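Remarks on the overall topology
The lines below spell out each chain.
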Amino acid sequence: MPNRLNDNRTELLKQIRDEVVNFKNSPLYQERIKNKVFPVIGEGSHYAKIMFIGEAPGRNEAQTGRPFCGAAGKILDELLASAGIKREDVYITNIVKDRPPFNRDPLPEEIEAYAPFLARQIEIIKPEIIATLGRFAMAYIMKRFSLENSLDSISRLHGRIFETEASYGKIKVIPLYHPAVAVYNANTKEELLQDFQTLRSGIE
Ligand code: URA
């Protein structure tokens, strides 16, 4: 366990927050101002063993500035509870920090614009496990951690554990379906419940 007194994770994460808040060159900044909403930086333990990475904030998230606090968040809370994982013990963020209009998929240039913030969040928190939520986070993280040769559709990769290296040591990447899909699809929810058991076993 890192010595919490001697590291400045909270300070470094606050710097990221301030930079995102002032990111006027972002392709989504004008949307944020027009809709009087907030960016969503991330939430949870700065010492989390597990980091969850979603796609981009939805309406509820942009209104509150908190990740996964709407319908998909309710499912995520259920999944965490099913695996005995406390939400406050993990860190939850997204690749894209501002809401794309009408919840459309994030564009490649939006992912590229926000990815450096996510890369820094990972370097600061140093999770042992990165659980991606949905195909955009899966593709970005697998490419970033030299797993591009294993990339395939999420229906083939979900729930598998990929061992790889981060700058700070070994990590496991576990692709998961996006919980929003489970809002309407009971089969996906069942698969997510099973995958959260795999996730649980990954931290034991
Ligand atoms: N969907 C996401 O990908 N992220 C959120 O924070 C909420 C919904």
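For every chain, the first residue of its written sequence is number 1, and the numbers climb from 1 along that sequence. Only residues with pLDDT of 70 or above have their local features reported here, since the model is predicted, and side-chain atom pairs are shown and tallied only from 80 upward, although totals for entire chains, interfaces and linings are computed over all residues. Calculation of side-chain values draws on the structure's entire complement of heavy atoms; hydrogens and water are dropped beforehand.

**Considerations on the overall build of the protein**
- By definition, any uninterrupted DSSP run of H or I lasting at least four residues is a helix, any uninterrupted run of E lasting at least two residues is a strand, and each is numbered from the N terminus. Looking only at helices and strands, the protein features 9 helices and 6 strands.
- Scaling as 2.2 N^0.38, a compact globule of 204 residues should have a C-alpha radius of gyration of about 17 Å, and the protein matches this with 16 Å.
- Principal-axis analysis of the C-alpha atoms places the extent of the protein at approximately 45 × 40 × 35 Å.
- Each accessible area is a Shrake-Rupley estimate made with a 1.4 Å probe; only the visible protein chains count as cover when residues are assessed. For the protein, the accessible surface area stands at approximately 10300 Å², while carbon and sulfur atoms represent 49% of it.
- Once the 28 positive and 27 negative side-chain charges of the protein are each reduced to a mean point, those two points are 3 Å apart. Based on C-alpha atoms, the radius of gyration is set beside the globule rule, defined as 2.2 Å times the residue count to the power 0.38. Think of it this way: Lys and Arg go in the positive column, Asp and Glu in the negative one, and His and the chain ends go nowhere. Every charge is mapped onto a representative atom, which is NZ of Lys, CZ of Arg, CG of Asp or CD of Glu.

**Overview of the packing of aromatic side chains**
- Put simply, two rings from Phe, Tyr or Trp (the six-membered ring, in Trp's case) pair if the centres are within 6.5 Å, and we call them stacked under 30 degrees between planes, edge-to-face over 60, tilted for the rest. Tallied over the entire structure, the rule returns 4 aromatic pairs.
- Judged by centre distance (5.4 Å) and plane angle (70 degrees), the rings of Phe 23 and Phe 117 are edge-to-face. Highlighted residues: Phe 23 in the loop between α1 (9-21) and α2 (29-34) and Phe 117 in helix α5 (residues 108-125), separated in sequence by 94 residues. The burial state of Phe 23 is the same as that of Phe 117; both residues are buried.
- Members of the aromatic cluster, each reached through a chain of ring pairs, are Phe 23, Tyr 114 and Phe 117. Partly exposed residues are those whose accessible area sits between 20% and 50% of the maximum for their type, while under 20% is buried and over 50% is exposed, using a 1.4 Å probe and protein chains only.

**Some details on the sheet that holds strand β5 (residues 162-166)**
- For two strands to pair, DSSP has to find at least two bridges joining them. Here we have 6 strands laid out as an open sheet, ordered β1-β3-β2-β4-β6-β5, and mixed in their pairing. Only two strands of the sheet have a single partner each, and these edge strands are β1 (43-44) and β5.
- Here β5 pairs with strand β6 (residues 169-176) via 5 bridges, running antiparallel. Residue pairing in the sheet places Thr 164 in a bridge with Ile 171 of β6.

**With respect to the site of the ligand**
- The environment of the ligand is formed by Gly 54, Glu 55, Ala 56, Glu 61, Pro 67, Phe 68, Asn 94 and His 178.
- Within the backbone of Glu 55, a nitrogen or oxygen atom sits 2.8 Å from an oxygen atom of the ligand.
- In protein, a polar contact means a hydrogen-donor-capable atom and an acceptor-capable atom, both N or O and within 3.5 Å, with residues adjacent in sequence counting only if both atoms are side-chain atoms; elsewhere, any N or O pair within 3.5 Å suffices. The side chain of His 178 places a nitrogen or oxygen atom 2.8 Å from an oxygen atom of the ligand.
- For the ligand, whose unbound accessible area comes to 240 Å², protein coverage reaches 92%.
- Side-chain classes are defined by residue name, with Ala, Val, Leu, Ile, Met, Phe, Trp, Tyr, Cys and Pro counting as nonpolar, Asp, Glu, Lys and Arg as charged, and the others, Gly among them, as polar. Its residues assigned to classes, the shell around the ligand shows 3 nonpolar, 3 polar and 2 charged. By convention in these notes, a residue is near a molecule or strand provided one of its non-hydrogen atoms lies within 4 Å of it.

**So, the nonpolar core**
- In these notes, a set of buried Ala, Val, Leu, Ile, Met, Phe, Trp, Tyr and Cys residues joined through side-chain atoms within 4.5 Å is what counts as a nonpolar core. In this structure, Phe 52, Ile 53, Ile 95, Ile 141, Phe 196 and Leu 199 are the most contacted members of the largest nonpolar core, which totals 59 residues.
- If you tally residues by element for this core, the top one is α5, at 9 residues.
- Contact criterion: two residues are considered in contact whenever any of their non-hydrogen atoms come within 4.5 Å of each other. Discounting residues that sit within four places of it in the chain, Ile 53 has contacts with Thr 93, Asn 94, Ile 95, Leu 118, Ile 122, Ile 130, Ala 131, Thr 132, Leu 133, Ala 137 and Ile 141.

**So, unusual backbone geometry**
- At Phe 102, a residue that is not glycine, the phi angle is positive and equals roughly 55 degrees.
- As for its position among the elements, Phe 102 is in the loop between β3 (91-94) and α5.
- In the Ramachandran plot, Asn 103 falls in the positive-phi region, its phi being about 55 degrees despite a non-glycine side chain.
- One can find Asn 103 in the loop between β3 and α5.

**Focus on the packing of helix α4 (residues 71-82) against helix α9 (residues 186-203)**
- Axis lines are fitted to C-alpha atoms, over the contacting stretch for helices. Their N-to-C directions set the angle, which ranges from 0 to 180 degrees. In contact at an axis separation of 9 Å, α4 and α9 are set at 45 degrees when each is read in the N-to-C sense. Classified by the angle between their axes, α4 and α9 sit oblique to one another. In the crossing of α4 with α9, the sense of the turn from one axis to the other is right-handed. The residues of α9 that touch α4, namely those facing Ile 75, Leu 76, Glu 78, Leu 79, Leu 80 and Ser 82, are Lys 189, Leu 192, Leu 193, Phe 196 and Gln 197.
- By residue class, the composition of the contact of α4 with α9 is 7 nonpolar, 2 polar and 2 charged. Oblique is the label for any angle not under 35 degrees, not over 145, and not in the 65 to 115 range, which are roughly parallel, roughly antiparallel and roughly perpendicular in turn. Left-handed describes a crossing in which the near helix is turned anticlockwise from the far one by less than a right angle; the clockwise case is right-handed.

**Side note on the environment of Tyr 114**
- Structurally, Tyr 114 can be placed in helix α5.
- Between the C-alpha atom of Tyr 114 and that of Phe 23, which follows or precedes it by 91 residues, the distance is 9.5 Å.
- Discounting residues that sit within four places of it in the chain, Tyr 114 has contacts with Phe 23, Ser 26, Leu 28, Ile 95, Val 96, Lys 97 and Asp 98.
- Side chain to side chain, Tyr 114 and Ser 26 meet in a polar contact 2.5 Å long.

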